[in-house]
Amino acid sequence: IPHVKEAMMSDAIGTTIGAMMGSSTITTYVESASGIAEGGRSGFTSLITGLLFILALFFAPLFLLIPSAATSGALVLVGVFMMDSISKIDMEDMSEALPAFITIIMMILTYSIADGMVLGLLCYVLVKLFCGKHKDISITMYILAALFILKFIFA
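Figured I'd write up the structure that's included with this text. No experiment lies behind these values; they were computed from the predicted model shown. (Residues numbered from 1 in each chain as written. Predicted model: local features only at pLDDT ≥ 70, side-chain atom pairs only at ≥ 80, totals over all residues. Heavy atoms only, no water.)

Considerations on the nonpolar core
Logical step 1: One finds V118, L121, L122, V125, I137 and A145 forming the largest nonpolar core, which totals six residues.
Logical step 2: The element contributing the most residues to this core is helix α6 (residues 113–130), with four residues. (Core = buried A, V, L, I, M, F, W, Y, C linked by side-chain atoms within 4.5 Å. Buried < 20%, exposed > 50% of the residue type's maximum accessible area, 1.4 Å probe, protein only. Helix = DSSP H or I, 4+ residues; strand = E, 2+ residues; numbered from the N terminus.)

See the structure below:
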């Protein structure tokens with residue numbers, strides 16, 4: 001992607017500020033990746049989105065009148081659009097397919113994108129190790145896996 005460095009820098013800043021305010025950092029990345037995939041790379045898209053969210057605060061009481069079931073159709077459509085990425089998974093390589101499946105199914109079962117990604121990452125590292133493909137795993141992945149295991153033990 002052209003100019004991806006700038007896009008990821010704005011994402012990193014947003015993720016950092018969001019994390020300090022209690023939002024999930026994984027969610028921030030997913031939303032940014034979606035925006036970048038649709039052509040929003042300069043940061044102007046994020047600025048307009050932020051301004052619209054501030055404007056929406058004034059209409060929040062009106063929006064709360066809409067039952068949550070009314071948004072389910074839109075969420076299903078978003079899920080369908082996200083399914084396009086599944087076609088890019090190498091289903092012939094079980095060390096790639098199984099962690100992807102675990103990530104997807106655990107997002108659904110835990111109701112959390114962050115938990116699904118953490119469990120998928122742990123599965124990826126373990127499956128690669130058990131398949132003898134330890135060279136496919138970067139040192140960063142080992143460190144993240146260790147930190148996530150500690151998180152599950154002590155949290």
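A few points about the packing of aromatic side chains
Logical step 1: This model, assessed by the stated rule, comprises one aromatic pair.
Logical step 2: Here F59 and F63 contribute two aromatic rings whose centre-to-centre distance is 6.3 Å and whose plane-to-plane angle is 40°, an arrangement assigned as tilted. A residue pair is termed a helical-turn pair when its members lie 3 or 4 positions apart in one helix, as F59 and F63 do in helix α3 (residues 44–63) at four residues.
Logical step 3: On the accessibility criterion, F59 (41% relative accessible area) is partly exposed.
Logical step 4: Taking relative accessible area as the criterion, F63 reaches 44% and is therefore assigned partly exposed.
Logical step 5: Over the aromatic face of F152 sits the side chain of K151, whose NZ or CZ is 4.9 Å from the ring centroid. (Phe/Tyr/Trp six-rings, centres within 6.5 Å; stacked < 30°, edge-to-face > 60°. Lys NZ or Arg CZ within 6 Å of the ring centre and 35° of its normal.)

Overview of the side chain of K128
Logical step 1: Inspection of the secondary structure assignment puts K128 in helix α6.
Logical step 2: The buried category is assigned to K128, whose relative accessible area is 1%.

Quick notes on the packing of α6 against helix α7 (residues 139–154)
Logical step 1: Where α6 contacts α7, the axes come no closer than 10 Å and their chain directions differ by 120°. Of the possible angle classes, the one that applies to α6 and α7 is oblique. The crossing of α6 and α7 is left-handed. Contacts between α6 and α7 pair D115, V118, L119, L121, L122, Y124, V125 and L129 from the former with M141, Y142, L144, A145, F148, I149, K151 and F152 from the latter.
Logical step 2: Considering only residue class, the contact of α6 with α7 consists of 14 nonpolar, no polar and two charged. (Axes fitted to C-alpha atoms, helices over the stretch in contact; angles between N-to-C directions. Parallel < 35°, antiparallel > 145°, perpendicular 65-115°, else oblique. Left-handed = near helix turned anticlockwise from the far one by under 90°. Contact = heavy atoms within 4.5 Å. Nonpolar A, V, L, I, M, F, W, Y, C, P; charged D, E, K, R; others polar.)

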